[in-house]
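Chain and residue survey
Each chain, written out:
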Amino acid sequence: VRITLAGRGFHERAQAILGEARAAQTAMRDSDQYASAKRNAVITVATVPSATHNILPNAIRQHMKRGMSVRYRILESLAGETLDLVRDGEADFGISFGGLDDPVLNFTRLQTDRFVLALSETHPLARTDPIMWADLAGEDLIVPLKGTGNRLMIDNALAEFGLSLSWAFESRNSSTMLSVIQAGLGIAALPVSAIPVREGSGVIFRELESPQVTR
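Okay, so let's go over this structure. Not measured: the values here are computed from a predicted model.

Computed from the structure, the largest pocket encloses a volume of approximately 850 Å³. Around the largest pocket, the lining comprises 30 residues; the ones closest to its centre are Gly 94, Ile 95, Ser 96, Thr 108 and Leu 110. Mapped onto the lining of the largest pocket, the elements with two or more residues apiece are strand E1 (42-47), helix H3 (56-65), helix H4 (79-87) and strand E3 (93-95). Broken down by element, the residue count for the lining of the largest pocket peaks at four residues, all from H3. Taken together, the residues of the lining of the largest pocket sort by class into 18 nonpolar, nine polar and three charged.

A separate point is unusual backbone geometry. A cis geometry characterises the amide bond from Asp 129 onward to Pro 130, with omega recorded as 0 degrees. Following the sequence through the fold, Pro 130 ends up in the loop between strand E4 (115-120) and strand E5 (131-132). At the junction of Ser 210 and Pro 211, the peptide bond is cis and its omega measures out at 5 degrees in the coordinates. Mapped onto the fold, Pro 211 is located in the segment after strand E9 (203-209). Phi is positive for Ser 210, which is not a glycine, with a value near 55 degrees. Examined against the element boundaries, Ser 210 turns out to sit in the segment after E9.

This brings us to empty space enclosed by the protein. The full count for this structure, using the stated rule, is one cavity of 30 Å³ or more. Here the largest cavity is characterised by a volume of approximately 200 Å³. Lining the largest cavity are 20 residues, with Pro 49, Leu 78, Asn 150, Arg 172 and Arg 215 positioned closest to its centre. Elements supplying a minimum of two residues to the lining of the largest cavity: helix H5 (149-160), helix H6 (174-182) and strand E8 (187-191).

Checked against the element boundaries, Gln 182 lands in helix H6. According to the relative accessible area criterion, Gln 182 is partly exposed, its value standing at 42%.

Here we take up the pattern of salt bridges. A side chain with one charge can pair with a side chain of the opposite charge if their charged atoms come near. Taken as a whole, this structure holds seven salt bridges when the rule is applied. We note a salt bridge from Arg 87 to Asp 102, for which the minimum N-O separation is 2.4 Å. Here Arg 87, found in helix H4, pairs with Asp 102, found in the loop between E3 and E4; they are 15 residues apart in sequence, far enough to count as distant. What makes Asp 102 buried here is its relative accessible area of 14%. Of the charged contacts in the structure, one is a salt bridge between Arg 151 and Asp 155, with a shortest N-O distance of 3.1 Å. One end of the pair, Arg 151, and the other, Asp 155, are both in helix H5, four residues apart, so they sit about a helical turn from each other. A network of salt bridges, in which partner residues are shared, links Lys 146, Arg 151, Asp 155 and Glu 170.

Here we take up the pairing of strand E6 (residues 141-144). In this sheet, E8 lies alongside E6 in parallel orientation, the contact comprising two bridges. The residue bridging Leu 141 from the neighbouring strand is Ile 187, located in E8. Relative to strand E7 (residues 169-171), E6 runs parallel, the two sharing three bridges. Looking at E7, one finds that Ile 142 is bridged to Phe 169. With respect to chirality, the unit in which E6 leads through H5 into the neighbouring parallel E7 is right-handed.

Quick notes on the rules
- Residues numbered from 1 in each chain as written.
- Predicted model: local features only at pLDDT ≥ 70, side-chain atom pairs only at ≥ 80, totals over all residues.
- Heavy atoms only, no water.
- 1 Å grid on protein atoms, 1.4 Å probe; cavity = no way out; pocket = protein on both sides within 12 Å on 5 of 7 lines; lining within 4 Å.
- Points joined across faces, edges and corners; volume = space filled by probe spheres on them.
- Helix = DSSP H or I, 4+ residues; strand = E, 2+ residues; numbered from the N terminus.
- Nonpolar A, V, L, I, M, F, W, Y, C, P; charged D, E, K, R; others polar.
- Buried < 20%, exposed > 50% of the residue type's maximum accessible area, 1.4 Å probe, protein only.
- Salt bridge = Lys/Arg side-chain N within 4 Å of Asp/Glu carboxyl O.
- Pairing = 2+ DSSP bridges.
- Right-handed = clockwise from strand over helix to strand, strands pointing away.

The values are spatial; any link to function lies outside them.
Now the structure itself:
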């Protein structure tokens with residue numbers, strides 16, 4: 001038995017149709033696998049602790065509104081460690097300050113963050129605004145730990161104005177500093193982004209000038 005000319009033409013068209021069907025099945029399977037991978041994807045963000053209060057939550061919220069169904073891993077670290085985590089591939093990207101001359105990393109400026117004086121709402125300086133750095137002499141000052149990025153920025157800015165301040169408390173964590181302030185034990189120069197904006201916290205902030213320190 002031999003196939004007729006009409007049968008040969010039909011066979012070729014049928015093969016083409018089946019080929020298209022197989023391609024469509026493969027595309028659907030690939031699409032399902034992509035969607036599954038997307039759902040199971042993990043975005044790792046290295047961030048300085050202060051950015052977890054007022055920057056990162058809003059960014060994640062906007063990302064999720066765009067239909068991104070991924071999981072988020074957040075690594076809190078100091079400014080220099082944040083850069084290291086991104087450089088070493090342990091984080092997809094980071095939120096930090098400083099280090100803009102790093103030849104390996106790409107940077108996008110998000111905002112300018114100014115240092116203000118965080119204090120209890122019952123503190124005598126709460127009635128003064130703005131406050132000069134020189135006014136903090138004799139106060140129980142809480143400062144960032146020596147060697148941290150925030151401490152370096154403050155020390156450099158004060159040195160240009162010929163100022164040096166003694167401190168009563170030293171801490172690497174802004175949340176610890178805020179706890180000390182809430183207890184009425186001291187005051188601290190902190191970036192605005194590090195101060196939670198919520199009613200009833202008992203912590204307020206006042207502008208700090210001469211010098212004005214930003215990051």
